[in-house]
Amino acid sequence: MCGIVGYVGEREASPLLMEGLKRLEYRGYDSAGVAVENGAGLQIRKKAGKLDGLTRLLQDRPVEGTMGIAHTRWATHGAPTTDNAHPHHDCTGTIALVHNGIIENEDVLRTKLQELGHEFESETDTEVLVHLIEEAYEDNLEHAVAAALTQVEGTYALVVVSERDPGKIVAVRQGAPLLVGVPDGDRDERFVASDVAAILGHTRKVIYLEDGELAILDREGYETLEMSGWGNGGAPQPIEKEISHVTWDLEQIERGGFDHFMLKEICEQPDTIRDAMRGRLLEEEGTARLGGLNEIWDDLKDADRMVITACGTSWHAALIGEYMLEEHARMPVEVEYASEFRYRSPVVDEDTAVIAISQSGETADTLAAMREAKRRGATAIGIVNVVGSTIARETDGGVYTHSGPEIGVASTKAFTGQLTVLALITLKLARERGMSILEGREVVSALQELPAQVQRVLDAEREDSSLDEIVEAYSEQPNFLYLGRGYNFPIALEGALKLKEISYLHAEGYPAAEMKHGPIALIEEGMPAVFVAPTDSVYQKIVSNIQEVKARGGRVVAITTEDSQTPPAEVDHIIRVPRTLEMLQPILTVVPLQLMAYRIAVRRGCDVDQPRNLAKSVTVE
Ligand code: G6P
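Residues numbered from 1 in each chain as written. Predicted model: local features only at pLDDT ≥ 70, side-chain atom pairs only at ≥ 80, totals over all residues. Heavy atoms only, no water.

Caption draft 1: A look at the overall build of the protein chain. Looking only at helices and strands, one finds 19 helices and 27 strands in the protein chain. The principal-axis extents of the C-alpha atoms in the protein chain amount to approximately 80 × 55 × 45 Å. Buried positions account for 60% of the 621 residues belonging to the protein chain. Across the protein chain, every contact between residues at least 6 apart in sequence was considered, and the portion connecting residues at least 24 apart equals 70%. Split by element, the accessible area of the protein chain, about 23700 Å² in all, is 45% carbon and sulfur. Of the charged side chains in the protein chain, 60 are positive and 101 negative, and the gap between their average positions amounts to 4 Å. (Helix = DSSP H or I, 4+ residues; strand = E, 2+ residues; numbered from the N terminus. Buried < 20%, exposed > 50% of the residue type's maximum accessible area, 1.4 Å probe, protein only. Contact = heavy atoms within 4.5 Å. Areas by Shrake-Rupley, 256 points an atom, 1.4 Å probe, with all protein chains shown as cover. Lys, Arg positive; Asp, Glu negative; His and termini not counted. Charge placed at Lys NZ, Arg CZ, Asp CG, Glu CD.)

Caption draft 2: Quick peek at the sheet that holds strand β6 (residues 95-100). Strand order in the open sheet formed by 7 strands is β5-β6-β7-β8-β12-β13-β14, and the pairing between neighbours is antiparallel. For this open sheet the edge positions go to β5 (88-89) and β14 (237-238), each flanked by a neighbour on one side alone. Running over the sheet, helix α4 (residues 126-136) touches β5, β6 and β7 (156-162) and is turned about 140° from β6. Contacting β6, β7, β8 (169-174) and β12 (213-218), helix α5 (residues 141-149) runs over the sheet at an angle of about 145° to β7. (Pairing = 2+ DSSP bridges. Axes fitted to C-alpha atoms, helices over the stretch in contact; angles between N-to-C directions.)

Caption draft 3: Up close: the sheet that holds strand β9 (residues 179-182). Spatial strand order, β3-β2-β4-β1-β10-β9-β11-β15: 8 strands in an open sheet with antiparallel pairing. If you trace the sheet from one side to the other, it starts and ends with β3 (42-48) and β15 (244-245), each paired once. Its contacts with the sheet put helix α1 (residues 13-23) on β1 (3-8), β2 (31-37) and β4 (67-73), and the angle it makes with β2 is roughly 155°. Sheet contacts for helix α2 (residues 51-60): β2, β3 and β4; angle to β3, the most-contacted strand, approximately 140°.

Caption draft 4: The arrangement of the pattern of salt bridges in detail. Tallied over the entire structure, the rule returns 31 salt bridges. Two residues, arginine 441 and glutamate 284, come together in a salt bridge whose shortest N-O distance is 3.8 Å. Remark: glutamate 284 occurs in the loop between β16 (281-282) and β17 (287-288) and arginine 441 occurs in helix α15 (residues 437-463); sequence separation between them is 157 residues. A residue is classified by how much of its surface remains accessible, and glutamate 284, at 58% relative accessible area, is exposed. (Salt bridge = Lys/Arg side-chain N within 4 Å of Asp/Glu carboxyl O.)

Caption draft 5: Region of the structure containing the pairing of β4. Counting buried positions along β4 gives 7 out of 7 residues, so the element sits mostly inside the fold. Here β4 shows no split at all, with Met67, Ile69, His71 and Arg73 on one side and Gly68, Ala70 and Thr72 on the other all buried. Sheet topology places β1 next to β4; 6 bridges connect them, and they run antiparallel. Within β4, the position partnered with tyrosine 7 by the bridge is glycine 68. For β2 and β4, the ladder comprises 7 bridges, and the chain directions are antiparallel. Across the sheet, residue valine 34 finds its bridge partner in β4, namely alanine 70.

Caption draft 6: Region of the structure containing the environment of glycine 154. By the element assignment, glycine 154 lies in the loop between α5 and β7. Here the alpha-carbon distance between glycine 154 and cysteine 311, two residues 157 residues apart in the chain, equals 33 Å. Not counting residues up to four positions away in its chain, the partners in contact with glycine 154 are Ile102, Glu104 and Gln174.

Laid out in structure tokens, this is it:
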């Protein structure tokens, strides 16, 4: 996601800021910028694209000063352009800030500020913050920041500087990480950063801010204050913060202490699922708000049919989307591999809505399929993670998954983000095509529970030994069958794909009942069959399929729900996940399968994050 670094001290700021941004590159970004203050005014330089571009810009138009802030942006609101890059400044050009997070009431605030005469230069939600601070400024920066934030809903790590307060940096945290770096030696300097990696070259002594805390830094010291009540007439409460000593090395920090990016991304899912829903759920109305679909909503709602097209893991998400949309919105849906769709003269016209699902937004086949659909007159919709990517730009409307950069080649958090967004689209469409408000509210509340439920799955697997046993028992097995029915048939496909991709073991995903039309011939003594069997409407059917495997000497791993009665005797290993609505259950059942593939691959000594022959973004057909 986005990265922040700030410096105030006795050294030239810009080389330190650029070094900090470089250290944050691994997080993924699409534009970058710096603002430096030298006592005679703010100098802002920003550039779309990689840091090299910003470095060249700084060579051509250097900035000077011993205080500054800098940012790498991973676009969420607005395309990855230079205008949208941070820092953003107010109308007078005297206040600048960088921000990580999302401002949920951006629309309302922007309209209000425009009515007051503020002029915006970007499409970002962040820019409203700097104008709000400008509006609230009376005599000092920290008061203006605190006052402005009383109007803001959302999450932020925010770092602000102002010409009117030379030598001072104000930093606030609410829902996005932020820390202060204090000097290790006797230099007069302070750092602020969203991630300790940015400043590790200079200090290992840091103070981690908590939500609702504000820090004021200058070259000689810092102060930390509690924000609650402040800006609303209350007084700021100073708080004592402990200094932590960072012992990790840089590489460990980039992965957040996890051994691999894939594991980090699996564990981020409670947050990324929450981010996919943030600001989009309407509890009272029992529906969803999806701004990116407003302009084409009528075409979507009144379409005769939908086609969902994608590749790889995104194609599995598409299959689950088909089940969701047909069951709840009563919309006829077909799912197509993008590579097939583009070349087979599909029947698609103005009455068809085509959804392209892609984490990267750059997959060549998906892009070509989407263009083909548009050429035939269809309304094209994107479910994309990377903001401003080609698919996101070329579709008529879309919904971003907001999963943050996915670095592990095998997709995990992007997949659950896609499923969450498909559920939101289903909910909104279903509510307009016959779903009652009560049912809608039930879906909203089930969605709200999901992040905590995913966390429970992750915590259980950390403590429990069921995965240990599975990894121990099957890491050397050459063949696996993954079986599921209904909503969890695509999860069987996804579980098998995860194992293949990263552990190089052969795994085949199948609809459980289809097994007897072929794959059953493979089952011999000891062959592992992984059943995805929550207690849903097809549970009894899948229990019969489990018995068919057991009767032939196969060994069964069952992923089921906490309420299932499956006698453990019938299965060799059982992993239970919380129960949710049938259409959302795949978001929970996939998590143990991601972990299982990961653990087996690690055990086999495979390169988990960069498996052989695979690419993160396949831009060739
Ligand atoms: C590659 C990746 C997969 C991904 C697929 C589709 O094969 O290795 O993880 O699912 O491309 O990528 P997309 O970016 O379009 O979702």
